[in-house]
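# Fold and geometry: a report
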Amino acid sequence: EPDAAGSQLQPLALDEVVRSGIADVHALAEARGTDLNLESPQHVVVHGDADALRILARNLIDNAVRYSPPSGTVQVRVVAEAEGDARFEVDDSGPGIPRAERERAFDRFYRRDGSPEGGSGLGLAIVKAIANRHGATVTLGESPLRGLRVTVSFPRAQAATI
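Residues numbered from 1 in each chain as written. Predicted model: local features only at pLDDT ≥ 70, side-chain atom pairs only at ≥ 80, totals over all residues. Heavy atoms only, no water.

## Let's talk about unusual backbone geometry
What counts is decided by this rule: Secondary structure is summarised from DSSP: a helix means a run of H or I of at least four residues, a strand means a run of E of at least two, and numbering begins at the N terminus for each.
Its identity is not glycine, yet Ser71 carries a phi of approximately 65°, on the positive side. Position of Ser71 among the secondary structure elements: in the loop between helix 2 (50–67) and strand 4 (73–80). Its identity as a non-glycine residue notwithstanding, Arg146 has a phi of 80°, on the positive side. Here Arg146 is to be found in the loop between strand 6 (137–142) and strand 7 (148–154).

## A word on the nonpolar core
To keep it simple, the criterion reads: What we call a nonpolar core is a set of buried Ala, Val, Leu, Ile, Met, Phe, Trp, Tyr and Cys residues that are connected through their side-chain atoms within 4.5 Å. Each residue is placed in one exposure class: buried if its accessible area under a 1.4 Å probe, protein chains only, is under 20% of its type's maximum, exposed if it is over 50%, and partly exposed if it falls in between. What makes two residues a contact is simply this: any of their non-hydrogen atoms within 4.5 Å.
Among the nonpolar cores identified, the biggest contains 38 residues, and Leu14, Ile61 and Phe88 are the most heavily contacted of them. Looking at this core, the elements with two or more residues in it are helix 1 (14–32), helix 2, strand 4, strand 5 (86–92), helix 3 (123–133), strand 6 and strand 7. When neighbours within four sequence positions are excluded, Phe88 is seen to be in contact with Leu14, Val18, Leu56, Ala57, Leu60, Ile61, Val76, Arg77, Val78, Val150, Thr151 and Val152.

## What to know about the environment of Phe88
In this fold, Phe88 is placed in strand 5. Note on Phe88: relative accessible area 1%, which makes it buried. Through-space distance from the C-alpha of Phe88 to that of Ala57 is 8.6 Å; in sequence the pair is 31 residues apart.

## A closer look at helix 2
As a reminder of what qualifies: Here the expected span of a helix is defined as 1.5 Å times the quantity of residues minus one. N or O atoms within 3.5 Å of each other form a polar contact, as long as, within protein, one can give a hydrogen and the other can take it, and as long as residues adjacent in sequence are counted only when both atoms are side-chain atoms.
For helix 2, with 18 residues, the first-to-last C-alpha span of 26 Å sits near the 26 Å given by 1.5 Å per residue. Of the residues flanking the start of helix 2, the one acting as N-cap is Asp49, its side-chain oxygen 3.0 Å from the backbone nitrogen of Asp51.

## Notes on the packing of helix 1 against helix 2
Note the following rule: Fitted lines through C-alpha atoms serve as axes, helices being fitted only where they are in contact, and the angles separating the N-to-C directions of these axes extend from 0 to 180 degrees. In this scheme the handedness of a crossing depends on how the near helix is turned from the far one: anticlockwise by less than a right angle means left-handed, clockwise means right-handed. In this count, Pro and Cys sit with the nonpolar residues alongside Ala, Val, Leu, Ile, Met, Phe, Trp and Tyr, while Asp, Glu, Lys and Arg are called charged and the others, Gly among them, polar.
Taken N-terminus to C-terminus, the directions of helix 1 and helix 2 make an angle of 35°; their axes are 8 Å apart at the nearest point. Handedness of the crossing formed by helix 1 with helix 2: right-handed. Along the contact surface, helix 1 presents Leu14, Val17, Val18, Ser20, Gly21, Ile22, Asp24, Val25, Leu28, Ala29 and Arg32, while helix 2 presents Ala50, Leu53, Arg54, Ala57, Arg58, Ile61, Asp62, Val65 and Arg66. Considered class by class, the residues forming the contact of helix 1 with helix 2 number 12 nonpolar, two polar and six charged.

None of the figures reported here should be taken as evidence of function without further support.
In structure tokens, the structure reads:
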């Protein structure tokens with residue numbers, strides 16, 4: 001379980017945690033010829049568990065790379081909202097998830113037909129559990145890249161300054 005250790009939430013730079021998640025997936029993206037980009041125009045701070053949030057970021061970015069076709073595109077964004085909220089988004093150029101299946105995608109061991117080999121169906125369940133622990137929400141939608149957009153929204157209560 002991602003919150004089994006019971007570590008305390010501390011102010012941390014979400015953009016730096018996401019950069020670490022990208023670094024974890026960089027070799028896979030390079031091997032697949034995936035154009036993997038990060039857009040983070042400013043330092044974004046949330047209260048969180050750095051290790052757990054790195055797992056969340058890595059899972060989402062890894063899924064985006066794996067589900068995008070070879071030579072596809074994955075766009076990652078970390079944004080501080082004017083209201084004090086923070087948002088982490090991952091867009092991919094893969095097949096997406098049909099609207100009717102999106103809620104089931106968070107179920108443990110759920111895998112869609114045609115899923116890439118090697119997955120266990122736990123990635124989005126883990127993401128959801130980590131997000132819940134941080135008071136964040138995870139939504140699935142359509143990406144402008146024609147694939148899936150995953151958005152993790154952190155409420156103002158989780159925003160902080162370092």
